[in-house]
Amino acid sequence: MKNKYFCWLFLLFTLVSLGASAQVKVEGSVFDEMDNPLIGVSVFTENRKTGAVTDVDGHFTITVPNTKVSLTFSYVGYTTQKIALKDRKLLKVVLKEDSELLDEVVVVGYGTQKKISVTGSIAQVGNKELKKAPSGTLSNMLAGRIPGLIAKQSSGQPGQDGSNLYIRGTGAGDGNALVVVDGVIQDYFPSFSPDEVESVTILKDATAAAVYGVRAAAGVILVTTKRGTVQKPTVTLNSSVTLSQNTNFPKFLNGPDYAYWYNKAQLMDGVAEENLRFSPEDIERINNPGEDEEIYGNTDWFDLLFKNVAPTYTNTVSVSGGNERIKFFASLGAYNQEGIVENTSYDKYNFRSNLDAKVTNNIDFSLNLSGFVDDQRSPGASVGPNAYAGVFQQAMLSYPYLRPYTKDGMPIASQNTAGNGNNNPLGARDLSGYQSSKTTKFQGDISLCYKLPIKGLSAKLDAAFLKSHSMRKAAMTPYNVYSWNQTTHQGNVEKGRICSMASVSHWYGSQQRYTIRPTIEYANKFGKHDVSGLFLYEYAREDYEGISAGREDFPITDIMDMSYGLKVSENLVKGSHSNDKRAGYVMRFNYAYDEKYLLEFTGRVDASTALPAHNRWGFFPAVSVGWRISQEDFFKEAVPFMDNLKIRASIGQTGTEKDVKLFDYLSGYTWNNGNAVLDGELVTGLNQRGLPITNLSWTKNTTSNIGFDLTMFNNRLKITADAFRK
């Protein structure tokens, strides 16, 4: 019996020993496509229970349970490969470069750069990420999407609900970031459809932004629109409906509570009960208004003013495609927005056409055309957040114990003190007339690039033209209200607060801008040395002309055309024009050794007619360095799970025109700014402008920045951090 147990124990130990000895050692070497050994390649089994890292010779050794399993080889910048052993114990593995990762580019000032080579502080977001935001306004979509970008929305009015965008706060320059669309500087952030956008990039430090010189102190926002790709023509239709509503709003006292606490305050001030503003009969009528009640009630003015929801309809149709010779992208869009307040709306219709053509093997041609027309409408009384006598101000000043209308439909107004009487926000919204603002804008850009016979050298010519017209009309109509005086308990029919006479005002503005930019670019690689450079000249001229006119005292308000007004609004009969010329030279030099050690120098020499000749030109330089420490052999061995680590630092100067006014360096006179009495009559004349500021110069901002870019665990985790001082 004992012998039998010994036999079973011997068999058990034998099986365990055989299981333990089933582990197989596999070794091999990993090379790139040029047959160079790769150090730091991660090698692991399918379940990741066993792993190894290649040494300086690209060699690895790993223990596997058997020779039927597969091994995975992962290395930053190369395509991950999974290889089945198939009973092999010795491997030679060749990894191919991940061209998508190594060639990933980001948009920079006047061009693009490989992301791995960027030494400035830059952040970028693509269209796919932008479209996740439930908004039809491009500036609002950026909120929370790009580190370092602050989006501040100050209004919900249709057509004015876009966010103000600030880069790293509002302390630099005038706080407004410079906006560049497809390489062309704009006056404000674009309002075109998000479906036209390929990416949005912000340039945060001086190295990235110095190429824009005197206008880049607050940072730069680059918007790149979509372009065609090599594919069959593809038609895309995007339609959406967005519902907007107030998320949070302060609660005001209702009618009964207002009357109670008003009386309570008077009692605390020593007012006798018989002299309180609200008598017991008044309070009863406020608390329980009967069917015959004409004055008192319990009114929530904001509840009546706002709609529950306001829809926005967005529709865009686009077509893109092309071949190796011609690529195209075209789109049409419609954006129709209703406001949360009745009689407010915004309608915009836009188009875009981007064409790229390879004329010959050495000549490339691009043509961009875009434009839009829009129409913003609102009541005559402003719906702006801080407008004097506007709809919202009247809603806050209206008493909650009054009914909104009499039985005859006339608005009941509160007779406040200090000139703030006759408030009724519903009357101001529906009866005060209307305001309309219409804009038409067209922009065309053309680009011609010639690749010279010298390798890496090219010449490019860009030209852009912008034309826009804007027309604003305010047709103000008076209306009657029943003004209730709670002190005397009497009411009278009076004019509403916003105006007492019908009037029409017109403002018209026309703007056109020309930009021309010849450029020389060079990029080449000599062994482990990457060298690239850019030099360009940019000239821009902008002309503006504006006029305004107005008439009042309209006997008929059914047709609010200026011809029918009996009296000219003399303070509105004005006209003006202006022109602005700018010129600048831009230079950029990039050097990289073995894709490890990076150097960039950028600068711009800027000039503007706003400054005197001896101070007209200013130089704004910047320099940055970078070290891709993850490419060092010692780092690959020590920290194999880090795919990429780049340390960078920069310092430079940018400028601002915040305090520069046109022609302050000249002496002169101002017309229509001086009065004198001659022969008993008041005569308007000239007034001296003051002493000229002959030493006027640019305002310069110095910015320093340090940071790092880190990716780990086969690009699963990405971290970017920056510290800066302005």
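Residues numbered from 1 in each chain as written. Predicted model: local features only at pLDDT ≥ 70, side-chain atom pairs only at ≥ 80, totals over all residues. Heavy atoms only, no water.

### As for the sheet that holds strand 16 (residues 220–225)
And then number 1: The 5 strands lie next to each other as 10-15-16-13-14, forming an open sheet whose pairing is mixed. Pairing within the sheet leaves two strands with one partner each, and these edge strands are strand 10 (122–126) and strand 14 (184–186). Strand-to-strand twist in this sheet, taken as the mean axis angle between neighbours without regard to direction, amounts to 25 degrees.
And then number 2: Bridging between strand 15 (residues 197–203) and strand 16 involves 6 bridges; their strand directions are antiparallel. What sits directly across from Val-197, in strand 16, is Thr-225. (Pairing = 2+ DSSP bridges. Helix = DSSP H or I, 4+ residues; strand = E, 2+ residues; numbered from the N terminus. Axes fitted to C-alpha atoms, helices over the stretch in contact; angles between N-to-C directions.)

### Quick look at the nonpolar core
And then number 1: Residues Leu-130, Leu-142, Ile-146, Leu-149, Phe-189, Val-200 and Ile-221 are the most contacted members of the largest nonpolar core, which totals 21 residues.
And then number 2: Those elements that place two or more of their residues in this core are strand 10, helix 4 (138–141), strand 12 (163–167), strand 13 (178–181), strand 15 and strand 16.
And then number 3: Per-element accounting of this core gives the leading share, 3 residues, to strand 15.
And then number 4: For Leu-130, the contacting residues outside a window of four places in its chain are Val-125, Leu-138, Met-141, Leu-142, Val-197 and Val-200.
And then number 5: Core analysis: the next-biggest nonpolar cluster, separate from the first, contains 20 residues, Leu-38, Val-43, Ile-62 and Tyr-78 among them. (Core = buried A, V, L, I, M, F, W, Y, C linked by side-chain atoms within 4.5 Å. Buried < 20%, exposed > 50% of the residue type's maximum accessible area, 1.4 Å probe, protein only. Contact = heavy atoms within 4.5 Å.)

### Some details on a nonpolar patch on the surface
And then number 1: Taken together, the side chains of Tyr-593, Tyr-597, Trp-627, Phe-634, Phe-641, Ile-647, Phe-708, Phe-713, Leu-717 and Ile-719 present a nonpolar region at the surface, about 870 Å² in accessible area.
And then number 2: Mapped onto the fold, Ile-647 is located in strand 33 (residues 642–656). (Patch = residues over 30% accessible without salt bridge, like charges linked within 9 Å, V, L, I, M, F, W, Y side chains within 5 Å. Areas by Shrake-Rupley, 256 points an atom, 1.4 Å probe, with all protein chains shown as cover. Salt bridge = Lys/Arg side-chain N within 4 Å of Asp/Glu carboxyl O.)

### Brief notes about the packing of aromatic side chains
And then number 1: The tally for this structure, following the rule as stated, stands at 22 aromatic pairs.
And then number 2: For the ring pair Tyr-399 and Tyr-401, a centre distance of 5.1 Å and an interplane angle of 15 degrees mean the geometry is stacked. There is no split in this pair, since Tyr-399 and Tyr-401 are both buried.
And then number 3: Among the aromatic residues, those joined into a cluster by ring pairs are Tyr-258, Tyr-262, Phe-278, Tyr-296, Tyr-399, Tyr-401 and Trp-484.
And then number 4: Positioned above the aromatic ring of Phe-31, the side-chain terminus of Lys-92 is 5.2 Å from the ring centre.
And then number 5: Stacked on the ring of Tyr-388, the Lys or Arg Arg-497 has its end atom at 4.9 Å from the ring centre. (Phe/Tyr/Trp six-rings, centres within 6.5 Å; stacked < 30°, edge-to-face > 60°. Lys NZ or Arg CZ within 6 Å of the ring centre and 35° of its normal.)

### A closer look at the sheet that holds strand 4 (residues 59–64)
Two strands in a sheet stick together by hydrogen bonds in their backbones, pointing the same way (parallel) or opposite ways (antiparallel).
And then number 1: Taken in spatial order, the 3 strands line up as 4-1-7 in an open sheet, and their pairing is mixed. The open sheet has two edge strands with one neighbour each: strand 4 and strand 7 (90–94). Pairwise comparison of adjacent strand axes, ignoring direction, gives a mean angle of 30 degrees for this sheet.
And then number 2: In the sheet, strand 1 (residues 24–31) pairs with strand 4 via 6 bridges, with the strands oriented antiparallel. Bridge pairing in strand 4 links Ser-29 to His-59.

### Some thoughts on empty space enclosed by the protein
In this approach, a probe sized like a water molecule rolls over the atoms, and the result shows the empty space that is left.
And then number 1: One pass over the structure, following the stated rule, counts 4 cavities of 30 Å³ or more.
And then number 2: In this structure, the largest cavity occupies an estimated 210 Å³ of space.
And then number 3: Secondary-structure elements contributing two or more residues to the lining of the largest cavity are strand 20 (345–358), strand 21 (363–379) and strand 23 (433–451).
And then number 4: Here the residues of the lining of the largest cavity sort into 7 nonpolar, 7 polar and 5 charged.
And then number 5: Its volume calculated, the second largest cavity comes out at about 70 Å³.
And then number 6: For the lining of the second largest cavity, the secondary-structure elements that each account for two or more residues are helix 5 (206–209) and strand 31 (597–608). (1 Å grid on protein atoms, 1.4 Å probe; cavity = no way out; pocket = protein on both sides within 12 Å on 5 of 7 lines; lining within 4 Å. Points joined across faces, edges and corners; volume = space filled by probe spheres on them. Nonpolar A, V, L, I, M, F, W, Y, C, P; charged D, E, K, R; others polar.)

### Concerning the environment of Asp-257
And then number 1: Locating Asp-257 in the fold gives a position in helix 6 (residues 255–268).
And then number 2: Each C-alpha atom, one on Asp-257 and one on Ile-286, is 9.8 Å from the other, the two residues being 29 residues apart in sequence.

### So, the pattern of salt bridges
And then number 1: All told, the structure shown has 26 salt bridges when counted by the stated rule.
And then number 2: Lys-646 is the salt-bridge partner of Asp-709, the closest N and O atoms lying 3.7 Å from each other. In this pair, Asp-709 sits in strand 36 (residues 699–712) while Lys-646 sits in strand 33, placing the two residues 63 residues apart along the sequence.
And then number 3: Assessed through its relative accessible area of 18%, Asp-709 is described here as buried.
And then number 4: What you see here is one network of salt bridges that share partners, running through Asp-462, Arg-517, Glu-538, Arg-604 and Asp-606.

### Here we look at the confidence of the model for the chain
And then number 1: Averaged over every residue, the pLDDT of the chain is 87; residues scoring 70 or more account for 94%.
And then number 2: Confidence scores differ between elements of the chain, with helix 1 (residues 2–20) showing the lowest mean pLDDT of 46 and strand 24 (residues 457–476) the highest of 96.
And then number 3: Note on residues 8–21: pLDDT is under 50 here. Beyond four places in sequence and across chains, it has 0 contacts. (pLDDT = per-residue confidence, 0-100.)

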